[in-house]
Every structure is written in C-alpha cells, then in structure tokens.
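Each chain, letter by letter, is given below.
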Amino acid sequence: MKILVVDDEKDMRTLFEQRFRKEIRDGKTDFVFAISGEEALSYLHQHDHEAVLILSDINMPGMSGLVLLQQIKQKYKAPPPIVMMITAYGDADNYNQAMSLGADDFLTKPLDFTALKEKLKTKEQIIMARFLVSPGYFMIFGSLNNPSGRIPLYFIFFYKSDL
C-alpha cells in the first residue's frame, strides 16, 4: 500500500521510516513524503491513483491540510483515496471541519504508531472495496495449484482500463 505523508515537519519522514521499518522492508507499505499541500497535489497529479492513502497535517504554511483535503476530495473520486488528517491541536473545530470536508479519520500528535498501524489495516480493506466498485477498475481473481498440495494459492489483481 502506498501512503503519501504530508507534513511540513521534515523529521516526520525519519519517524515514519523508523516506525514502519519492518513493513517497508517486507514490501507491505511504501511511503512518499511531501512537505506542503502544493507538493502533495503535484505528486498526486503526476502519479494518479498511486497513493491510495494520504496522511496530512492540518496546520502547514501555504496551503493548509484542510484546503488540501477539499481539493483531493473534489478531484480524485474514482476511487477516492483515504485521507486521514493529523494535528497537534485536537480541538472540536478542526475535527468538525475535517470531517465535513470528507476526512476518513482524524489523528492527534504525538502519533500513537501502534494504533495507526491498526487503523491502516482497516483502511486497507476499505481501499480494496473502493477499487472493486469504481468505474473503469477491474479485478482479476484466480487460484493456482500449490505443488505441495496443502493450501491453494490465490491471487487478486486490480487494474484500470481506459476502455
């Protein structure tokens, strides 16, 4: 799963790479980092639907995370990425505004990485379901005979068709 982390604090990259070291090494999670909302939109424009989950800080110089959220939800609809907002200020106004703009979750700093990993597992299932019901996306499901004969091997591929 590719995750775009948007935060103006440059040390967040190191923190995520340390806390998700095993998942990155095992190829389960791939992170891309942007230090501004503008940089995140540029990445999304160049890599359409590559990042399926976005973690964005709310308070950043330039474009705020809330403006970024609004633009993502307006532009990327089929399938929409999961957007989780992060803030050091867990006040009701930020929460209500983020949720009204379509945030899928709301986290406060300092991040609890154990809880975040559990949330990401749940969000990954939602992402797969969104691909299944999105126009222009197709799923191929199949099975292979396992040479050992014990457990059948299954595979699922998602791909976008321009047809």
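For the structure, check the block above.
Now for a look at the structure at hand. (Residues numbered from 1 in each chain as written. Predicted model: local features only at pLDDT ≥ 70, side-chain atom pairs only at ≥ 80, totals over all residues. Heavy atoms only, no water.)

Check the secondary structure of the protein and you find 6 helices and 7 strands. Each helix and strand of the protein, ordered N terminal to C terminal, gives the series β-α-α-β-α-β-α-β-α-β-α-β-β. In the protein, which comprises 163 residues, the proportion classed as buried is 40%. Long-range pairs, those at least 24 residues apart, make up 63% of the contacts in the protein with a sequence separation of at least 6. (Helix = DSSP H or I, 4+ residues; strand = E, 2+ residues; numbered from the N terminus. Buried < 20%, exposed > 50% of the residue type's maximum accessible area, 1.4 Å probe, protein only. Contact = heavy atoms within 4.5 Å.)

Among the 5 residues that make up strand E3 (residues 53-57), 5 are buried, leaving the element largely enclosed by the rest of the structure. By the alternation rule, side chains of E3 split into Leu53, Leu55 and Asp57 and Ile54 and Ser56, which are all buried. Pairing analysis gives 4 bridges linking strand E1 (residues 2-6) to E3, with the strands arranged parallel. Looking at E3, one finds that Ile3 is bridged to Leu53. (Pairing = 2+ DSSP bridges.)

Moving on, we come to the packing of aromatic side chains. According to the stated counting rule, one finds 8 aromatic pairs in the structure shown. Considering the side-chain rings of Tyr95 and Phe106, the 5.3 Å spacing of their centres and the 85° angle between planes classify their relative orientation as edge-to-face. You can see Tyr95 sitting in helix H5 (residues 92-100) and its partner Phe106 sitting in strand E5 (residues 105-108), a full 11 residues away along the chain. Given a relative accessible area of 38%, Tyr95 falls into the partly exposed group. Every member of this aromatic cluster is reached through a ring pair, and the members are Phe16, Phe20, Phe31, Phe33 and Phe113. Positioned above the aromatic ring of Phe20, the side-chain terminus of Lys117 is 5.1 Å from the ring centre. (Phe/Tyr/Trp six-rings, centres within 6.5 Å; stacked < 30°, edge-to-face > 60°. Lys NZ or Arg CZ within 6 Å of the ring centre and 35° of its normal.)

Now for the environment of Leu120. The residue Leu120 is located in helix H6 (residues 113-132) in this model. Setting aside its immediate chain neighbours within four residues, Leu120 contacts Met1, Ile3, Phe20, Leu53 and Met84.

Across the sheet, 5 strands lie side by side as E2-E1-E3-E4-E5; this open sheet has parallel pairing. Every interior strand has two partners, whereas the edge strands, strand E2 (30-34) and E5, have only one. Within this sheet the neighbouring strands show an average axis-to-axis angle of 20°, counted without direction. As paired strands, E1 and E2 are joined by 5 bridges and run parallel to one another. What sits directly across from Val5, in E2, is Phe33. Along the sheet, helix H4 (residues 65-75) makes contact with E1, E3 and strand E4 (82-87), crossing E4 at roughly 175°. (Axes fitted to C-alpha atoms, helices over the stretch in contact; angles between N-to-C directions.)

Closest axis-to-axis distance for the helix H3 (residues 37-46)/H4 pair is 10 Å, and the angle between their directions is 20°. The orientation of H3 with respect to H4, classified from their angle, is roughly parallel. The crossing of H3 and H4 is right-handed. Contact with H3, carried on its side by Gly37, Ala40, Leu41, Leu44 and His45, involves Leu68, Gln71, Ile72 and Lys75 of H4 and no other residues of that element. (Parallel < 35°, antiparallel > 145°, perpendicular 65-115°, else oblique. Left-handed = near helix turned anticlockwise from the far one by under 90°.)

Before going further, it helps to examine the pairing of E5. Inspection of the sheet shows E4 paired to E5 by 4 bridges, in the parallel sense. Residue Ile86 lies in a different strand from E5, and its bridge partner there is Leu107.

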